[in-house]
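# Chains, contacts and geometry: an overview
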Amino acid sequence: MGQVTIKVNGRDYDIACGDGEEKHVAELAAYLDGRVRELAGGKRTVDGDSLVLIMASLIIADELLETQQELKRVSASSKESGKSADALAAGVVALAKRIESVAERLAAP
């Protein structure tokens, strides 16, 4: 099992993680630390650490939910576009058949 020491809001935390996940956990911690520092105005707060961490977590959760909703919208739009593309392709095939039919009649004696 891997382990990494992260720093959030000026405090060190030893975190266990899967082998090879240390870098990813450190990147997540750096992101969280940045958000916490934004909320704390760059100051290290002692009394309000829990509140600042909760606020940062809520902001990150909001970002995650917005991203998931956008992904759903894009996915739905993509599916609709796929249906439109399928309908367009079917229309092109039908038009090609009509053109071939007209060409055959014109070529017939």
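Refer to the structure above for everything that follows.
The notes below deal with the structure included here. (Residues numbered from 1 in each chain as written. Predicted model: local features only at pLDDT ≥ 70, side-chain atom pairs only at ≥ 80, totals over all residues. Heavy atoms only, no water.)

## A closer look at the nonpolar core
By size, the foremost hydrophobic cluster in this structure holds 10 residues: V4, I6, V8, C17, V25, A29, V36, A40, V52 and A56. Contributing elements (two or more residues each) for this core: β1 (2-8), α1 (22-39) and α2 (49-107). Once residues lying within four places of it in the same chain are set aside, the contact partners of V8 are Y13, A29, L32, D33, V36 and L53. (Core = buried A, V, L, I, M, F, W, Y, C linked by side-chain atoms within 4.5 Å. Buried < 20%, exposed > 50% of the residue type's maximum accessible area, 1.4 Å probe, protein only. Helix = DSSP H or I, 4+ residues; strand = E, 2+ residues; numbered from the N terminus. Contact = heavy atoms within 4.5 Å.)

## So, the side chain of D33
As for its placement among the helices and strands, D33 is situated in helix α1. Here D33 is in contact with K7, V8, N9 and G10, once residues within four sequence places are set aside.

## With respect to the environment of G20
Mapped onto the elements of the fold, G20 is located in the loop between β2 (11-17) and α1. Considered as a pair, G20 and Q3 are 17 residues apart in the sequence and their alpha carbons are 9.4 Å apart.

## Quick notes on the pairing of β2
Pairing of β1 with β2 involves seven bridges; the strand directions are antiparallel. Within β2, the residue paired with K7 across the bridge is D12. Once β1 ends, the chain turns through two residues before running back antiparallel as β2, passing N9 with a positive phi of about 55 degrees. (Pairing = 2+ DSSP bridges.)

## Some remarks on α1
Its 18 residues place the ends of α1 26 Å apart at the C-alpha level, agreeing with the 26 Å of an ideal helix rising 1.5 Å per residue. Residues V25, A29, D33, R35 and V36 constitute the buried set of α1. Summarising the axial view, the buried residues of α1 lie within an arc of 165 degrees, below the 170-degree limit, and thus occupy one face. Among the exposed residues of α1, those oriented more than 90 degrees off its buried face are K23 and E38. (Expected span 1.5 Å × (residues − 1). Arc of directions from axis to C-beta.)

## Some thoughts on unusual backbone geometry
Even without a glycine there, the phi angle at N9 is positive, about 55 degrees. Mapped onto the secondary structure, N9 falls in the loop between β1 and β2.

## Remarks on a nonpolar patch on the surface
Side chains of L39, L51 and M55 sit close together on the surface and give an oily, nonpolar patch of about 260 Å² of accessible area. Mapped onto the secondary structure, M55 falls in helix α2. Look at M55 and you get partly exposed, because its relative accessible area is 36%. (Patch = residues over 30% accessible without salt bridge, like charges linked within 9 Å, V, L, I, M, F, W, Y side chains within 5 Å. Areas by Shrake-Rupley, 256 points an atom, 1.4 Å probe, with all protein chains shown as cover. Salt bridge = Lys/Arg side-chain N within 4 Å of Asp/Glu carboxyl O.)

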